[in-house]
Amino acid sequence: GAVVSQHPSWVICKSGTSVKIECRSLDFQATTMFWYRQFPKQSLMLMATSNEGSKATYEQGVEKDKFLINHASLTLSTLTVTSAHPEDSSFYICSASPSGTGDSPLHFGNGTRLTVT
Amino acid sequence: DAKTTQPTSMDCAEGRAANLPCNHSTISGNEYVYWYRQIHSQGPQYIIHGLKNNETNEMASLIITEDRKSSTLILPHATLRDTAVYYCIVRVAQAGTALIFGKGTTLSVSS
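The structure contained in this document is the topic of the report that follows. Counting from 1, residues in each chain are numbered in the order their sequence is written. Here chains are named by letter from A upward and ligands by number from 1 upward, in the order in which they appear as written. For a predicted model such as this one, the threshold for reporting local features is a pLDDT of at least 70, and the threshold for listing and counting side-chain atom pairs is 80 or more; totals across whole chains, interfaces and linings nevertheless cover every residue. Only hydrogens and water are set aside when side-chain values are computed; all heavy atoms of the structure are taken into account.

Section: the state of the cysteines
The rule for a disulfide is simple: a pair of cysteine sulfur atoms within 2.5 Å. Counting across every chain of the model gives 2 disulfides over all chains. Covalent S-S linkage joins A:Cys23 and A:Cys94, the inter-sulfur distance amounting to 2.0 Å. Because the torsion about its S-S bond is 85°, the bridge between A:Cys23 and A:Cys94 counts as right-handed. Of this pair, A:Cys23 sits in strand E3 (residues 19–25) while A:Cys94 sits in strand E9 (residues 90–96); the two residues are 71 residues apart in sequence, bridging distant segments of the chain. The buried label goes to any residue with under 20% of its type's maximum accessible area, the exposed label to any with over 50%, and the partly exposed label to all in between, with areas taken from a 1.4 Å probe on protein chains only. Look at A:Cys23 and you get buried, because its relative accessible area is 0%. Residue classification places A:Cys94 among the buried positions, given a relative accessible area of 0%. One disulfide in the model links B:Cys22 with B:Cys88; its S-S distance is 2.1 Å. In this structure, the disulfide formed by B:Cys22 and B:Cys88 twists by about -80° around the S-S bond and is classed as left-handed. Within this pair, whereas B:Cys22 is found in strand E2 (residues 18–23), its partner B:Cys88 is found in strand E8 (residues 84–92), the two being separated by 66 residues in sequence. By relative accessible area, B:Cys22 is classed as buried at 2%. Classification of B:Cys88 by relative accessible area gives buried; the value is 1%. Of the cysteine sulfurs around A:Cys13, a residue in no disulfide, the closest is that of A:Cys94, at 18 Å. Think of it this way: any DSSP run of H or I at least four residues long counts as a helix, any run of E at least two long counts as a strand, and we number them from the N terminus.

Next comes the structure, spelled out in structure tokens:
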């Protein structure tokens with residue numbers, strides 16, 4: 001159980017275009033989902049916390065107008081990278097845990113490799 | 001900043017036990033210790049977590065010292081597929097709380 005699915009697994013886009021990444025909890029509901037970014041040979045960095053039915057909370061230094069997050073249902077959060085540039089090329093990963101649980105572990109999607117040309 | 005300290009890298013022979021240490025000397029009473037691993041180009045995989053008692057599951061064992069300032073993840077019989085970056089993370093057991101990753105330990109299992 002507790003499967004998180006991300007789509008697409010990889011995407012190549014041209015500079016200036018926008019890309020949407022989906023994160024779904026397949027067998028549980030998630031009030032909160034988290035978005036991370038990982039550059040080569042580095043650790044995961046938390047970008048934002050996505051809350052169902054309300055605005056996302058962004059970490060310091062993450063531009064909310066560039067990384068649009070929508071969490072319209074208890075099983076789906078989306079991250080849209082707007083006006084992508086080559087420096088946005090990275091590995092984007094989402095995570096979630098079942099709603100209402102305290103110490104239950106977060107489960108992660110398999111990530112989306114974004115390459116901006 | 002991450003609240004844990006782990007060795008940068010470790011080596012282990014296939015079939016032997018891999019013991020990965022983690023220091024979390026500033027852990028709070030309501031924080032759990034979580035272990036995840038990340039195989040190249042995949043999302044992190046949950047391994048195990050605990051508060052103060054030792055824990056065991058089908059993947060590993062977690063030994064937490066009595067003062068809770070350090071812990072050890074034990075993979076009893078390492079295989080080549082256990083080669084990964086292992087992250088030790090402390091986290092408040094509260095819904096809506098994220099995991100904050102440090103640099104982890106790169107475990108290399110060789111035959």
